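Architecture and fold: a report
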Amino acid sequence: MTEQTRPPVFTEPFRRELFERRILVLDGALDDDNGLLLAAQIFALAAADSEADISLWIHSPGGSVPAMLAIRDLIRLVPNDVATLALGIAYSAGQFLLTAGTPGKRHVLPHTRVLMHQGSAGIGGSTGDVELQAADLRHTRDTVLGLTSEDTGQPVAKIFEDSLHDHWYAAKEAIAYGFADSVVDSFATILPTSVSAGGFVATPQQGETL
């Protein structure tokens, strides 16, 4: 069986089980489709329970800038804390979403690698088209730099300089830079404190635990 025809291991039942525990997962590249799905899931979980944390687990090489900006906007819009966790790699858009989590609740596993760089985009067409595309690209770049500065506490000038080329960070380096807050050293750190989905809140009965 080739890589192209191999069925996905992370199937819908697994995703549903995690969703019911208020855990969302970005596994792989972020695109418009899974970006919209993540945004809709954040909204659904916030609507079901406006107080319980939402967890976003990230293992991603990066992807769509519009999608990552939309997800960050929604993270800031919902009343819930959004805890982020980098699993393995959080590159580019993955780094941005890791850092967009609620301060104090942005986690990395011990051997996580984080990559920051400026996004790239194809530019072509007439001279006028190129000028318009370049202006839009600069606007997007400056927006991302400003938000990354806001989320990390680093000056915009430093973010700009450090993102000119691929820049990798080990777990503790990512924390020192401000991408995350802690290295996970306990299962309790990432265990959701409440379970709810689809408009229902799971509340333990007497003698029961979640």
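This one's a predicted model, so the numbers in the text were calculated from it and none came from an experiment. (Residues numbered from 1 in each chain as written. Predicted model: local features only at pLDDT ≥ 70, side-chain atom pairs only at ≥ 80, totals over all residues. Heavy atoms only, no water.)

It is worth spelling out unusual backbone geometry at this point. Residues other than glycine seldom take positive phi values, yet arginine 22 does so here, at roughly 65°. Considering the arrangement of structural elements, one finds arginine 22 in the loop between α1 (12-20) and β1 (23-27). With a phi close to 55°, serine 92 is a non-glycine residue in the positive phi region. Structurally, serine 92 is set in the loop between β3 (82-91) and α4 (93-99). (Helix = DSSP H or I, 4+ residues; strand = E, 2+ residues; numbered from the N terminus.)

Moving on to the packing of helix α2 (residues 32-48) against helix α3 (residues 65-77). Two measures define how a pair of helices packs: the angle their axes make with one another and the distance between the axes. Their axes nearest at 9 Å, the elements α2 and α3 cross at an angle of 5°. Here α2 is positioned roughly parallel relative to α3, judged by the angle of their axes. Residues Asp32, Gly35, Leu38, Ala39, Ile42 and Phe43 of α2 touch α3, and the partners they reach there are Ala67, Ile71, Leu74 and Ile75. (Axes fitted to C-alpha atoms, helices over the stretch in contact; angles between N-to-C directions. Parallel < 35°, antiparallel > 145°, perpendicular 65-115°, else oblique. Contact = heavy atoms within 4.5 Å.)

Turning our attention to the pairing of β1. Of all five residues in β1, four are buried; the element is thus mostly enclosed. As defined by bridge partners, β1 adjoins strand β2 (residues 54-60) across five bridges and the pair is classed as parallel. Note that in β2 the partner of aspartate 27 across the bridge is histidine 59. Each parallel crossover has a hand, and the one from β1 via α2 to β2 is right-handed. (Buried < 20%, exposed > 50% of the residue type's maximum accessible area, 1.4 Å probe, protein only. Pairing = 2+ DSSP bridges. Right-handed = clockwise from strand over helix to strand, strands pointing away.)

Applying the stated criterion to the full structure yields ten salt bridges. Its salt-bridge partner being aspartate 27, residue arginine 15 comes within 3.0 Å of it at the nearest N-O pair. Here arginine 15 is found in helix α1, whereas its partner aspartate 27 is found in strand β1, with twelve residues between them in sequence. Bridged by salt links that share partners, the residues Arg72, Arg76, Glu150 and Asp151 form one connected network. (Salt bridge = Lys/Arg side-chain N within 4 Å of Asp/Glu carboxyl O.)

The next point concerns the packing of aromatic side chains. Per the stated rule, a full pass over the model turns up three aromatic pairs. Judged by centre distance (5.1 Å) and plane angle (55°), the ring pair of tyrosine 169 and tyrosine 177 falls under tilted. In this structure, tyrosine 169 and tyrosine 177 share a single accessibility class: buried. Between the aromatic rings of tyrosine 169 and phenylalanine 179, the centroid separation amounts to 5.0 Å while the plane-to-plane angle is 75°, which identifies the pairing as edge-to-face. With tyrosine 169 in strand β6 (residues 167-169) and phenylalanine 179 in the loop between α7 (171-177) and β7 (182-183), this residue pair connects regions lying ten residues apart in the sequence. Among the aromatic residues, ring-to-ring pairing joins Tyr169, Tyr177 and Phe179 into one connected group. (Phe/Tyr/Trp six-rings, centres within 6.5 Å; stacked < 30°, edge-to-face > 60°.)

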